[in-house]
Amino acid sequence: MAGHSQYANIMHRKGRQDAKRAKMFNKLVREVMIAAKQGLPDPAHNPRLRSAIAAAKAQSVPRDRIEKAIKPNEDGKVYEELRYEGFGPGRVALIIDILTDNRNRTAPEIRTLMSKNGGIMGEPNSVSFMFARMGQILYPASAGTADAVMEAAIEAGADDVQSDDALHTIYSQPDELAKVAAAIEAKLGEPQEFKLTWKPTTTVSLGLDEAKSLMNLIDLLEDHDDVQNIYANYEISDDVAAQLAA
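The rules behind these values
- Residues numbered from 1 in each chain as written.
- Predicted model: local features only at pLDDT ≥ 70, side-chain atom pairs only at ≥ 80, totals over all residues.
- Heavy atoms only, no water.
- Pairing = 2+ DSSP bridges.
- Helix = DSSP H or I, 4+ residues; strand = E, 2+ residues; numbered from the N terminus.
- Axes fitted to C-alpha atoms, helices over the stretch in contact; angles between N-to-C directions.
- Expected span 1.5 Å × (residues − 1).
- Buried < 20%, exposed > 50% of the residue type's maximum accessible area, 1.4 Å probe, protein only.
- Arc of directions from axis to C-beta.
- Polar contact = N/O pair within 3.5 Å; in protein donor to acceptor, adjacent residues only side chain to side chain.
- Phe/Tyr/Trp six-rings, centres within 6.5 Å; stacked < 30°, edge-to-face > 60°.
- Lys NZ or Arg CZ within 6 Å of the ring centre and 35° of its normal.
- Contact = heavy atoms within 4.5 Å.
- Core = buried A, V, L, I, M, F, W, Y, C linked by side-chain atoms within 4.5 Å.

A.B. asks: So what about the sheet that holds strand S6 (residues 167–172)? Which residues, and what values?
C.D. replies: Taken together, the four strands give an open sheet; going across it, the order is S5-S6-S4-S7, and neighbouring strands pair in antiparallel fashion. Edge strands, defined here as strands with exactly one partner in the open sheet, are strand S5 (160–163) and strand S7 (193–200). Looking at each pair of strands side by side, their axes are set apart by 30° on average, direction ignored. Bridging between strand S4 (residues 131–140) and S7 involves eight bridges; their strand directions are antiparallel.

Put into structure tokens, the structure is as follows:
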């Protein structure tokens, strides 16, 4: 029985992982569709589309799904981009990017997720003043040393670079993103992703219980089909992060 139970648990876990992967693929493909629809269907002349394709490739979305998504009216739906703002546990500010074909369905669903999991919806612009709108360019750590990436970023006109063991994160002014990304790409190769983002200007430090509650809320929001991105201004110490990972 123990072996059967373990097998069942493994299959259940694999099923959940496959479902999450499918949701992620759908969101990445949807972003490709919107980017192609709002600009030219040629990534060479459409920075948002180029970024969406790069993000999809980085997550191993099949090429045929990407190519189909670029074609007009792939699924026949009309999508609307929305931005919701609010607070999570610990008064952490949240910005939630939405892509939906039915705002009358999405709004109450997100509101319910927030209210049942320690969050509260805010009015438009109620938390965005705690963030700066920036361009963000991501490279894996293998793209070069921190010094080499910093040099390339400075020469390209970037504003800031943050490097760790996994990623180099490069920031630019929003209207300079495409130009900066192209200049860095000439030196470091194609980025893992580049897009507009919300960078916190102030952060909230969380203890273990608040961090657990916030991560649970973020997981639930990310699992929603219409949620594309979530930005939050929390800060977690190494000790708390280690306890969360345990």
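A.B. asks: Can you tell me about helix H6 (residues 177–188), naming the residues and giving the values?
C.D. replies: When the terminal C-alpha atoms of H6 are compared, their 16 Å separation across twelve residues agrees well with the 16 Å that a helix rising 1.5 Å per residue should span. Among the residues of H6, Leu177, Val180, Ala181 and Ile184 are the ones counted as buried. Projection of H6 onto a plane perpendicular to its axis shows the buried side chains occupying an angular sector of 95°, all on one side. Facing away from the buried side of H6 by more than 90 degrees, the exposed set consists of Lys179 and Ala186. Two residues or fewer past H6, glycine 189 is found with a positive phi of approximately 90°.

A.B. asks: So, helix H2 (residues 47–58): which residues are in play, and what are the values?
C.D. replies: With twelve residues, H2 should reach 16 Å at 1.5 Å per residue; the first-to-last C-alpha distance of 16 Å fits that figure. Every buried residue belonging to H2 is among Leu49, Ser51, Ala52, Ile53, Ala54, Ala55 and Ala56, and all of these are buried. By the N-cap criterion, in which a side-chain oxygen at the helix start approaches the backbone nitrogen of a residue two or three places on, H2 is capped by asparagine 46, the distance to arginine 48 being 3.2 Å. Serine 60 occupies a position one or two residues after H2 and carries a positive phi of about 65°.

A.B. asks: An account of the packing of aromatic side chains is needed here, citing residue identities and associated values.
C.D. replies: Scanning the model with the defined rule gives zero aromatic pairs in all. When the ring centre of phenylalanine 87 is taken as origin, the NZ or CZ atom of arginine 91, which lies over that ring, is 3.8 Å away. A cation sits over an aromatic face here: lysine 199 above tyrosine 171, 4.1 Å from the ring centre.

A.B. asks: Could you give an account of unusual backbone geometry, naming the residues involved and the relevant values?
C.D. replies: Positive phi, close to 60°, is recorded for arginine 91, a residue that is not glycine. Within the secondary structure, arginine 91 sits in the loop between strand S1 (80–88) and strand S2 (92–100). The exposure class assigned to arginine 91 is exposed, which follows from its relative accessible area of 54%.

A.B. asks: I'd like a description of the environment of alanine 52, backed by residues and values.
C.D. replies: Structurally, alanine 52 can be placed in helix H2. Residue classification places alanine 52 among the buried residues on the basis of a relative accessible area of 5%. Alanine 52 sits 17 residues away from alanine 35 along the chain, and the two C-alpha atoms are 7.3 Å apart. When neighbours within four sequence positions are excluded, alanine 52 is seen to be in contact with Glu31, Val32 and Ala35.

A.B. asks: Any details on the nonpolar core? Residues and values, ideally.
C.D. replies: Membership of the largest hydrophobic core comes to 19 residues, with the highest contact counts inside it found for Leu94, Ile96, Ile110 and Met114. Going through the elements one at a time, S1, S2, helix H4 (103–116), helix H7 (208–222) and strand S9 (227–232) are the ones with two or more residues in this core. Ranked by residue count, the leading element in this core is H7, at five residues. Those residues in contact with isoleucine 96, other than ones at most four positions away along the chain, are Leu82, Arg83, Tyr84, Ile110, Met114, Leu221, Val227, Asn229 and Ile230. In this structure, Ala52, Ala55, Val61 and Leu99 belong to the second largest nonpolar core, which totals 18 residues.

No statement about biological role is implied by the geometric values presented.
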